[in-house]
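Per-entry structural report
Each chain, written out:
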2 protein chains.
Amino acid sequence: MPFSWFRRPRLSFDAPRLRPRREKKYGVAADLAEIAPELRQFLGQAACVQLGSFERLSALVADVPGFAPKEAIGRAAARAFARHQALVDELKHLGADPEREMTPFIASLERFGAATAGHDWTERTLGAHICGGLLDDLFAALARGVASDGVKDLPALFAVDPADGHALEQLLKESLAGNAQLAARLAMWGRRLVGDTLLVARSALRLTGDAEADDPHTEPLFAEVIAAHTRRMDALGLTA
Amino acid sequence: MPFSWFRRPRLSFDAPRLRPRREKKYGVAADLAEIAPELRQFLGQAACVQLGSFERLSALVADVPGFAPKEAIGRAAARAFARHQALVDELKHLGADPEREMTPFIASLERFGAATAGHDWTERTLGAHICGGLLDDLFAALARGVASDGVKDLPALFAVDPADGHALEQLLKESLAGNAQLAARLAMWGRRLVGDTLLVARSALRLTGDAEADDPHTEPLFAEVIAAHTRRMDALGLTA
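This section reports on the structure supplied with the text. Keep in mind that this is a model prediction, so the values were computed, not measured.

A count of helical and extended segments in chain A gives eight helices and zero strands. Shown N-terminal to C-terminal, the secondary structure of chain A runs as helices and strands in the order α-α-α-α-α-α-α-α. Counting only residues that meet the buried cut, chain A has 55% of its 240 residues in that class. At a minimum sequence separation of 6, the contacts of chain A that also span at least 24 residues come to 79%. Working note: accessible area of chain A is about 10,200 Å², and carbon and sulfur atoms make up 56% of it.

Spelled out as structure tokens, the structure:
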């Protein structure tokens, strides 16, 4: 899953946790610092999201046909769990209780998991690719903007191996080849997935009450996240 | 999961892959070298078993209640996948095709997985503890005896963090406390689990046709594996 869509060197901020909303802006980066939710809540939700990715990917291992995809998806699952663990460890390091910080997000992420569960392994593989890709992109972007007091290298916690998305894409491409009926079904399923995933994405921005879903500062962020999503669908030959 | 039940320093053998059965014996260690299956098949079956453990444990993460058990079982799942990967990598290193070596074992291990699936999270947790513990013990013991030409440190591939078994034991102890009805049900379930697991264990010894299930040389090995199983059940207050 490429993060190149942000196409600029990473900047760091000494942003206060809650900024007055009308403060002077310095481009997209400053906007991200503005809309970024409070650090602990951010880490708590991100840890929940990565645990959800682990559950989704690890269940796929038994589900998908073929040896190479199983191996690649198992590695992706292990890496999602490693990210989850790193976020939990970071919360502990900051003196926070990881369970307490994760708890507020569990019910909505479980609803999200159920809504995007899929009816067969092709739908579930697309789910892992589309939901995982979009949420990984979003949290990586937020990590570059969030006030990261006490965290040495917050964006590093969200680094994703491009091999993981590539493996899901390859598997989907192979099953889609020459199968117009499946393509039509998965295109529709992809639109359903992105709708549900954007609800989670918007909740990530609403954490502090500092940014609303229709806040103009969230626009560049959502535009980039959705552009990356569209590229993923395009690569599969599916209309986003 | 302790491996101390073997209670002697590890020895290495330059055993031929297929030994004549009536060759002179040098104690239990030599017996193990005798009954040990051919290396590639052994690694193929072991890789399958570890993939099964990963699937079992990772599914439990969503299943069990509480934050600490989820975290601990997730770590155990990630470690089972790492063992699986190390075995697959070793097969590649030896010039073997991992998929080909694993394929003969998939159907029977899937039947085993289905037979030991359990009806709720307590049965599934006992399943992970009892089946995983017994198979990890068995393969670690076989790894000490198998002719390991070309493999630098075969037993190291089977090293298990004792924290993994301990987490499952703790979770079961907490749910069993003062619940006689659950204890009766899980004791019965444990006997079912060990029966199914021993079928897998015996198939691991039958690989080369060099040892039968009733071979007298398998007796010390099975006695030790079953003793360790009994200790796990005892620790839970369940009759094995």
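Once chain A is rotated about the relating axis by 180 degrees and shifted along it by 0.0 Å, it coincides with chain B to within an RMSD of 0.0 Å. In short, the pair behaves as if placed about a two-fold rotation axis. For chain A, the residue whose C-alpha comes nearest the rotation axis is Ala78(A), separated from it by 2.7 Å. Residue by residue, 100% of the interface of chain A is reproduced at the interface of chain B, so both copies engage with the same surface.

On to the environment of Leu198(A), then. With respect to the helices, strands and loops of the structure, Leu198(A) is situated in helix α7 (residues 180–205). Beyond its immediate stretch of four places on either side in the chain, Leu198(A) contacts Leu134(A), Phe222(A) and Ile226(A).

Time to look at helix α6 (residues 162–176) of chain A. Residues and elements named next belong to chain A. Here α6 is 15 residues long and its end C-alpha atoms lie 21 Å apart, about the 21 Å a rise of 1.5 Å per residue gives. The complete set of buried residues in α6 reads Asp164, Gly165, Ala167, Leu168, Glu169, Leu171, Leu172, Ser175 and Leu176. Considering only its buried residues, α6 is in contact with α2 (39–63), α3 (67–93), α5 (121–145), α7 and α8 (218–235). With a side-chain oxygen positioned 2.8 Å from the backbone nitrogen of alanine 163, the residue opening α6 is aspartate 161. Of the residues flanking the end of α6, it is glycine 178, one or two places downstream, whose phi is positive at about 70 degrees.

Moving on to the pattern of salt bridges. If you walk through the whole model with that rule in mind, you get 17 salt bridges over all chains. The shortest N-O distance in the salt bridge between Arg83(A) and Asp136(A) comes to 4.0 Å. With Arg83(A) in helix α3 and Asp136(A) in helix α5, the pair connects residues that are 53 residues apart, well separated along the chain. Take Arg83(A): its relative accessible area is 8%, and that puts it in the buried class. Among the salt bridges present, the one from Arg232(B) reaches Asp137(B), with a minimum N-O distance of 3.3 Å. Placement of Arg232(B) in helix α8 (residues 219–235) and of Asp137(B) in helix α5 (residues 121–145) is noted, with a sequence separation of 95 residues between them. By relative accessible area, Arg232(B) is classed as buried at 6%. Among the residues examined, Asp137(B) registers a relative accessible area of 0% and is labelled buried. Overlapping salt bridges bring together Arg79(A), Asp161(A) and Asp164(A) as one network.

Calculation criteria
Along every chain, residues carry numbers that run from 1 in the direction the sequence is written. Labels follow written order: the first chain is A, the first ligand is 1, and so on. Local features are withheld for residues below a pLDDT of 70 in this predicted model, meaning they are given only at 70 or higher, and side-chain atom pairs are given and counted only at 80 or more; totals for whole chains, interfaces and linings count all residues. Values shown for side chains rest on all heavy atoms present in the structure; no hydrogens or waters enter the calculation. Segments assigned H or I by DSSP are reported as helices when at least four residues long, segments assigned E as strands when at least two residues long, and all are numbered from the N terminus. Burial classes follow relative accessibility: with a 1.4 Å probe on protein chains only, a residue under 20% of its type's maximum area counts as buried, one over 50% as exposed, and anything between as partly exposed. Throughout, a contact is declared for two residues whenever any of their heavy atoms are within 4.5 Å. The accessible surface values rely on the Shrake-Rupley method and a 1.4 Å probe; as for residues, cover is taken only from the protein chains in view. In superposing the copies, a least-squares fit is computed on C-alpha atoms, taking residues whose pLDDT is at least 70 in both. For a helix, the expected span equals 1.5 Å multiplied by the number of residues minus one. For the purposes of these results, a polar contact is taken to be a pair of N or O atoms within 3.5 Å, where, inside protein, one atom must be able to donate a hydrogen and its partner to accept one; residues adjacent in sequence count only when each atom of the pair is a side-chain atom. One speaks of a salt bridge when a side-chain nitrogen belonging to Lys or Arg is within 4 Å of a carboxyl oxygen belonging to Asp or Glu.

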